[in-house]
Amino acid sequence: GAGVSQSPRYKVAKRGQDVALRCDPISGHVSLFWYQQALGQGPEFLTYFQNEAQLDKSGLPSDRFFAERPEGSVSTLKIQRTQQEDSAVYLCASSPPTSDTDTQYFGPGTRLTVL
Amino acid sequence: AQSVTQPDIHITVSEGASLELRCNYSYGATPYLFWYVQSPGQGLQLLLKYFSGDTLVQGIKGFEAEFKRSQSSFNLRKPSVHWSDAAEYFCAPNQTGANNLFFGTGTRLTVIP
C-alpha cells in the first residue's frame, strides 16, 4: 500500500505569509507525528495526534504553529506569519495503534524556505 | 535531561570495508532504541530497533546494532559497506512511555569506490 505522503514537497514563502502543509498518513494508522528538521540537524518533535486528538504539542516552537487532524486521518500543519527561522524540512510520520514500541513511518517531507 | 550523542558528524569508508556508527544516550531508564537512515530527498527509513531481550539486533540491508547498557551505547555496524549505503544515519531513543522519537544530530556516511 501507499506510504505516508506530504504536500507540497517544496514551499517558498515570503516572510509574514501563512503556509499550510499537508500530511496523508498510511491508511488505518492511529498515531500521527510532526517533526521539524533544520539543515544539518536531526528531526525535532513538534506534535502528536492519536486519531483526531492532539495529545502532545509540547514541541511547537511558538503560537504561530498550529496543527490539526479533524477526522483522524489527514493532518495539516499551519504556520502563521512565517519567519526565516521557520525554514526547515517538515516531516510527518504515522504509526499503527498506540504503542511506544511501534515503528514510525515517515513521509518525504516538505521543504519550507522563508525569504 | 535526556540526550543522545552521535560523536561522528561525517564518516568516509571504502566500499567493502566495515562500518561502525556510534550512538550514546543519557536517560533515566533504558529507552527503546532506533536507528533510521535518510537518503537524499527521501524520508527516514527504519533500519532496526531494540526494546528488550537479545542485545544484538539485526536489521534491514545487512545492518546490526548492539545495545550495551554499561556504556549507554547502541552502535550500528555493517560488515561490508555498499555504495548505496551512503546516507545520513540517525540514532533515536524513545523514552519508555513516550510517543515521540528524540533524534541525534546524525552521522553522514560517504562511501568511496
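Each remark here, short or long, concerns the structure printed above.
Remember, predicted model here, so these are calculated numbers, not experimental data.

K.L.:
Which residues make up the overall build of chain B, and what are the values?
P.N.:
A count of helical and extended segments in chain B gives zero helices and eleven strands. Counting from the amino terminus, chain B carries its helices and strands in the arrangement β-β-β-β-β-β-β-β-β-β-β. Whereas a compact globule of 113 residues would reach a radius of gyration of roughly 13 Å, chain B reaches 13 Å, a difference of no more than 12%. Dimensions of chain B, computed from the C-alpha atoms along their principal axes, are close to 40 × 30 × 20 Å. Every one of the 113 residues in chain B was classed for burial, and the buried ones make up 46%. A fraction of 54% describes how many contacts in chain B between residues 6 or more apart in sequence connect residues 24 or more apart. Counting only carbon and sulfur atoms, one obtains 50% of the accessible surface of chain B, whose full area is about 5300 Å². Charge centroids of chain B, computed over 8 positive and 8 negative side chains, lie 4 Å from each other.

K.L.:
Lay out the sheet that holds strand S5 (residues 32-38) of chain B with the relevant residues and their values.
P.N.:
Residues and elements named next belong to chain B. Pairing is mixed in the open sheet, where five strands are placed in the order S2-S11-S10-S5-S6. Each of the sheet's edge strands pairs with one partner strand only, and the pair in question is strand S2 (10-14) and strand S6 (44-50). Put simply, the sheet's adjacent strands are angled 25° from each other on average, direction ignored. Looking at chain direction, S5 and S6 are connected through six bridges and run antiparallel. Bridge assignment links Val 37 to a residue of S6, and that residue is Gln 45.

Criteria and cut-off values
Residues numbered from 1 in each chain as written. Chains lettered and ligands numbered in written order. Predicted model: local features only at pLDDT ≥ 70, side-chain atom pairs only at ≥ 80, totals over all residues. Heavy atoms only, no water. Helix = DSSP H or I, 4+ residues; strand = E, 2+ residues; numbered from the N terminus. Rg over C-alpha atoms; globule rule 2.2 N^0.38 Å. Buried < 20%, exposed > 50% of the residue type's maximum accessible area, 1.4 Å probe, protein only. Contact = heavy atoms within 4.5 Å. Areas by Shrake-Rupley, 256 points an atom, 1.4 Å probe, with all protein chains shown as cover. Lys, Arg positive; Asp, Glu negative; His and termini not counted. Charge placed at Lys NZ, Arg CZ, Asp CG, Glu CD. Pairing = 2+ DSSP bridges. Axes fitted to C-alpha atoms, helices over the stretch in contact; angles between N-to-C directions.

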